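# Fold and geometry: a report
What follows is each chain in one-letter form.
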Amino acid sequence: MKKISIALWLLLPTWLIAQNHINIIPQPVAVFPITGSFIIDENASLQFNEQQKEVKAVADFFSSTVKKLSGIQLAKNAGKAKRIFIQLQSLSEVGKEGYQLTINPTSLMLAANSKAGLLYGVQSVLQLLPAVRTNEVLEIPCMQVTDYPRFKWRGMHLDVSRHFFGPDVIKAYIDLMATYKMNVFHWHLVDDGGWRIEIKKYPLLTKVGAWRVDKNNLPWGQRPQAKAGEQATYGGYYTQEQIKEIIAYAAEKNITIVPEIEMPGHVASAIAAYPELSCSQIPQLPLTGGNYNNISSNYCAGNDNVYQFLQNVLTEVIDLFPSAYIHIGGDEVDKGPWKKCARCQAKIKANGLKNEEELQSYFIKQIEKMVIAKKRKIIGWDEILEGGLAPDAAVMSWRGEAGGVEAAKMHHEVIMSPGNPCYFDNYQAGPEGEPLAIGGMNTLKSVYDYEPIPKELNSSEAKYVLGAQGNVWTEYISTAAHLEYMILPRMLALSEVLWSPKSTLNWNNFNNKLKNHTKGFDQKGIHYSKGNFRVNINTISEQGNLKVNMFTEADNAKIYYSIDGSTPDIGSLLYTQPFYINSSQIIKAVTVVDGLVMSTKPSEQIFAIHKGVAKNVNYLTPYSTYYPANGNNTLTDGIRGTLDHGKNWHGFNGADLTATIDLGTVQQVSSISLGCIQNYRSWIFLPKLVQFEVSLDGIKYVQVGNDINNLSNTEQSVFIKNFKTNFTEQAVRFIRVTAKDAGNCPKGHPGEGKPGWMFADEIVIQ
Ligand code: ACM
Ligand code: ZN
């Protein structure tokens, strides 16, 4: 390493410091490099107070890790030439979890107010060692570090219900969390697919509810429900002894485990064990996969025995888990069974409730009373806001940020975990080239760019945001290797967002540091995603002129593209800056790093330059605010949608689309089309038919075509269909396109009987 004086170092930008091997993730609050390095070898001794149990635990962890890495057995409290001090000390600046490090060639001093701070200091020191540790000298650059976290809830969640992960996998997950200074493990122990925690009073919860018929050969969403007589062989659960051991293991690493005992929905596994807990009370088998037909997923909210059952379950849970918060779920409750249930309806009446939303709120408030009586607090998914929030409940915002904003404004504590970008079960680099995932796309950069404090909150409201969390639902994740892949390296980005001051965040610096960490993962055989090499092709519409802007997240990458439909490579056009598009064409682009095409599949964007581009569109029914795409002129922006329905598409839920376009002047027109997409898994279906009409005055319309859908709404592949009409050329000023909604989701679909979506991208007028 090149040696630079302190004064000069202070002037250096953080990325340059990183180039000099200060690869700590998350980025510390303040780092001041000093000339020289400290080498851990036989001449170094650990200095600490052996009477202090907590300090001794940290020193032992450090010493055993060094031994594992290098074979060096550090002397303890010996008179050696070099000393490594680990000590508790009153430090005003760094708070409960922070630490200070002062490293010079003969001493390494780690000080903190608490064991947690010392542990985090040790994690930083370990990250300063060379990543690949075969015969490497354990050399640490000299520096001073002052460090403490921005947020107090730095969470990772894991769903062990959809797939079960044994205690060793959980411990490895906790180890990874600890390395990156994450401090809350949200353990999703209960869901439809399996009950995973031993409850002594109700042995059938695990004897029956933890086991299902093995359909692991099929993707989750395509699994048929088990039939009577089939053997339930897939599953597992944690005994209370195992849970105690894992809680203690996590506590040693400053990780609090927040158990989630899901209710009142998502409990098909509990009902399989004790059918009397549901409204119908009909016996059922635990859920095998994504097919919810004929399964009871809710507790009966009108049955007092259910509340007694939950009181007993929560008593055992609270006796096990020391966490201040107990997560009680509360998400996605289908109110259908409650509407049909005499007991639920009687409960509504007896308590003067207005509807099933208020029944849900009543249910959660009853549970909160039980939890508060045991001096703990409840936390629930943002649906617990519906029908009135329980008085002291904390809210975990997952359906975007709105629930978190609402709760913080009501002065309730909030954890942010919006689906975008905090759901680590979504794709991160694909979907091409990645294992099948539940859908969606949360790239490393989208996580890195996440700001947990929503802009709607003022500074006093922002204080209620305790932090954020990465969520890992495991419908599509069944192995430890796949689990690692899904959280890495996204968890590292989240750790930096949650720990480091906003002013120190730097995407380039992060990427530079990351290389060192992925080298370490390679050496340890830990799986991770190599990154998102997709090219984002964005278009800006400027009064009918389309400008193309291309971007790749990959570090040190170039973009090559074609405009003739050919597959681009390093011989194609090199993208240097945004450019205008004047004619219909297809752009294909790839990311190239070090002369190698990295994209598994070229990104594509079709441009349709036609008579309607940039013309105003009036909608009879507004498009969904969830799918605003490029705003009001999405249907005339010349930009075709791709198979990614989240981009360039307008969505309509349970409604027809009627769009009128004014061309501004009378023009000769002979064909009109409307692009629509079908994505069965995302509840998006083609319209029944599309009707095309034209007019000269905007009052009297003549129909010029009617294209009826002839494709099946049960087709599960994602595809685009252009509904079209060709007619004898005629003078036209106004065009009206009506797409008739296909109605409810079809039979056999998870949303059967509920309104489906209809999506459209462009009205092409020639
Ligand atoms: C959730 O993802 N249903 C909380
Ligand atoms: Zn009921």
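Here, the structure is the one placed above.
## Things to note about the overall build of the protein
- Along the protein, the regular secondary structure elements total 19 helices and 34 strands.
- Compactness check: the protein gives a C-alpha radius of gyration of 29 Å against a globular reference of 27 Å for 766 residues, within 12% of the reference.
- For the protein, the spread of C-alpha atoms along the three principal axes comes to 100 × 70 × 50 Å.
- For the protein, buried positions account for 56% of its 766 residues.
- Pairs at least 24 apart in sequence give 72% of the contacts found in the protein among residues at least 6 apart.
- Element-wise, carbon and sulfur atoms account for 51% of the exposed surface of the protein, whose accessible area totals about 31,100 Å².
- Averaging the coordinates of the 73 positive side-chain charges in the protein and doing the same for the 72 negative ones gives two points 2 Å apart.

## Regarding unusual backbone geometry
- In the segment running from Ile25 into Pro26, the intervening peptide bond is cis, with an omega of 0°.
- Within the secondary structure, Pro26 is located in the loop between helix H2 (14-19) and strand S1 (30-40).
- In this structure, Lys181 is a non-glycine residue whose phi angle is positive, near 65°.
- Inspection of the secondary structure assignment puts Lys181 in the loop between helix H5 (167-179) and strand S9 (184-188).
- Of note in this structure, Trp683 is not a glycine but carries a positive phi near 65°.
- By secondary structure assignment, the location of Trp683 is in the loop between strand S30 (657-678) and strand S31 (689-695).

## A few points about a nonpolar patch on the surface
- On the surface, Leu643, Val718 and Ile720 cluster together to form a nonpolar patch covering roughly 210 Å² of accessible area.
- With respect to the helices and strands, the residue Ile720 is situated in strand S33 (residues 719-740).
- Ile720 gets classed as partly exposed once you look at its relative accessible area, which sits at 32%.

## Some words on the packing of aromatic side chains
- Taken as a whole, this structure holds 29 aromatic pairs when the rule is applied.
- An angle of 55° between the planes, with centres 4.7 Å apart, marks the rings of Trp187 and Tyr238 as tilted. With Trp187 in strand S9 and Tyr238 in the loop between strand S13 (232-235) and helix H7 (240-252), this residue pair connects regions lying 51 residues apart in the sequence. The two residues Trp187 and Tyr238 agree in class, both being buried.
- Over the ring of Phe38 we find Lys82; its NZ or CZ atom is 5.7 Å from the centre of that ring.
- Looking at Lys445, its charged tip hangs above the ring of Trp507, at a distance of 5.7 Å from the centre.

## With respect to helix H11 (residues 342-350)
- Of all the residues in H11, the buried ones are Cys344, Lys347 and Ile348. For H11, the angular spread of buried residues about the axis comes to 100°, placing them on one side. Of the exposed residues in H11, those oriented more than 90 degrees away from the buried face are Ala342, Lys349 and Ala350.
- Just downstream of H11 lies Gly352, where phi reads positive at about 60°.

## Comments concerning the pattern of salt bridges
- Within the structure shown, the criterion is met by 31 salt bridges.
- Between Lys253 and Asp175 there is a salt bridge, with the nearest N and O atoms lying 3.3 Å from each other. Of this pair, Lys253 sits in the loop between H7 and strand S14 (256-263) while Asp175 sits in helix H5, and the two are 78 residues apart along the sequence.
- Its relative accessible area of 27% is what places Asp175 among the partly exposed residues.
- Because the salt bridges share partners, they merge into one network encompassing Asp159, Arg162, Asp191 and Glu475.

## Quick word on the coordination of the zinc ion (ligand 2)
- Only Cys279 (SG), Cys300 (SG), Cys341 (SG) and Cys344 (SG) from the protein coordinate the zinc ion (ligand 2), and they sit 2.3 Å from it.
- Angles of 107 to 114° at the metal separate the four donor atoms of the zinc ion (ligand 2), which places the site in the tetrahedral class.
- Each donor residue of the zinc ion (ligand 2) lies on one chain, and together they are spaced C-x20-C-x40-C-x2-C. One end of the pair, Cys300, is in the loop between helix H8 (268-273) and helix H9 (304-320); the other, Cys341, is in the loop between helix H10 (336-340) and H11, with 41 residues separating them in the sequence. Each member of the pair, Cys300 as well as Cys341, is classed as buried.

## Looking at the nonpolar core
- Formed by 112 residues in total, the largest nonpolar core has its most connected members in Trp187 and Tyr299.
- Top element by residues in this core is H9. It accounts for nine residues.
- Among the nonpolar cores identified, the runner-up in size contains 38 residues, and Val58, Ile103, Leu108 and Val145 belong to it.

## Points about the packing of helix H18 (residues 490-499) against helix H19 (residues 507-524)
- Contact pair H18 / H19: the axes reach a minimum separation of 11 Å and the direction vectors enclose 135°. Considering their axes alone, H18 and H19 lie oblique with respect to each other. Considering only the axes of H18 and H19, their crossing is right-handed. The residues of H19 that touch H18, namely those facing Leu492, Ala493 and Glu496, are Phe510, Lys513, Leu514, His517 and Phe521.
- Looking at the contact of H18 with H19, its residues break down into five nonpolar, one polar and two charged.

## What about the environment of Ile672?
- Structurally, Ile672 is set in strand S30.
- The exposure class of Ile672 is buried, given its relative accessible area of 0%.
- Counting along the chain gives 494 residues from Ile672 to Ala178, while the straight-line C-alpha distance between them is 58 Å.
- Residues contacting Ile672, with those up to four places away along its chain left out, are Phe692, Val694, Val704, Phe723, Lys724, Thr725, Phe727, Ile735, Val737, Ile763, Val764 and Ile765.

About the cut-offs
Going along each chain's sequence as written, the residues are numbered from 1 onward. Naming scheme: in the order in which they are written, chains are lettered from A and ligands are numbered from 1. Local features in this predicted model are restricted to residues whose pLDDT is 70 or higher, and side-chain atom pairs enter the listing and the counts only when it is 80 or higher, whereas totals over whole chains, interfaces and linings include all residues. Only hydrogens and water are removed before side-chain values are computed, so all heavy atoms of the structure are retained for them. Secondary structure follows DSSP: runs of H or I at least 4 residues long count as helices, runs of E at least 2 residues long count as strands, and numbering of each begins at the N terminus. In this description the radius of gyration comes from C-alpha coordinates, and the expected globular size is given by 2.2 Å times residues to the power 0.38. Buried means the residue's accessible area, taken with a 1.4 Å probe over protein chains only, is under 20% of the maximum for its type, while exposed means over 50%, and partly exposed covers the values in between. Note on definitions: a residue-residue contact is assigned when non-hydrogen atoms from the two residues lie within 4.5 Å. A 1.4 Å probe and the Shrake-Rupley method give the accessible areas. Residues count as covered only by the protein chains that appear here. Only four residue types enter the charge count, namely Lys and Arg as positive and Asp and Glu as negative; His and the chain termini do not. Every charge is mapped onto a representative atom, which is NZ of Lys, CZ of Arg, CG of Asp or CD of Glu. Only residues whose relative accessible area exceeds 30% and that form no salt bridge are eligible for patches; like-charged ones are grouped when within 9 Å, while nonpolar side chains (Val, Leu, Ile, Met, Phe, Trp, Tyr) are grouped when within 5 Å. The term salt bridge refers to a side-chain nitrogen of Lys or Arg lying within 4 Å of a carboxyl oxygen of Asp or Glu. Centres within 6.5 Å are what make two rings of Phe, Tyr or Trp a pair, Trp counting through its six-membered ring; a difference in plane orientation under 30 degrees is then read as stacked, over 60 as edge-to-face, and the rest as tilted. Over a ring means this: the NZ of a Lys or the CZ of an Arg is within 6 Å of the ring centre and within 35 degrees of the ring normal. Directions pointing from the helix axis toward each C-beta atom define the arc. Donor atoms: N, O and S within 2.8 Å of the metal, or within 3.2 Å for Na, K and Ca. Because water is excluded, sites can look incomplete. All geometry calls rest on donor angles, where a four-donor set with angles between 85 and 135 degrees is tetrahedral, four- and six-donor sets with opposite donors more than 155 degrees apart and all others between 65 and 115 are square planar and octahedral, and all else is irregular. What we call a nonpolar core is a set of buried Ala, Val, Leu, Ile, Met, Phe, Trp, Tyr and Cys residues that are connected through their side-chain atoms within 4.5 Å. Helix axes are fitted to C-alpha atoms over the stretch in contact, other axes to C-alpha atoms as well, and angles between N-to-C directions run from 0 to 180 degrees. For classification purposes, an angle smaller than 35 degrees is called roughly parallel, one larger than 145 roughly antiparallel, one from 65 to 115 roughly perpendicular, and anything else oblique. Each crossing is labelled by how the near helix is turned from the far one, with a counterclockwise turn of less than a right angle marking it left-handed and a clockwise turn marking it right-handed. Each residue receives one of three labels: charged for Asp, Glu, Lys and Arg, nonpolar for Ala, Val, Leu, Ile, Met, Phe, Trp, Tyr, Cys and Pro, and polar for the others, Gly being one of them.

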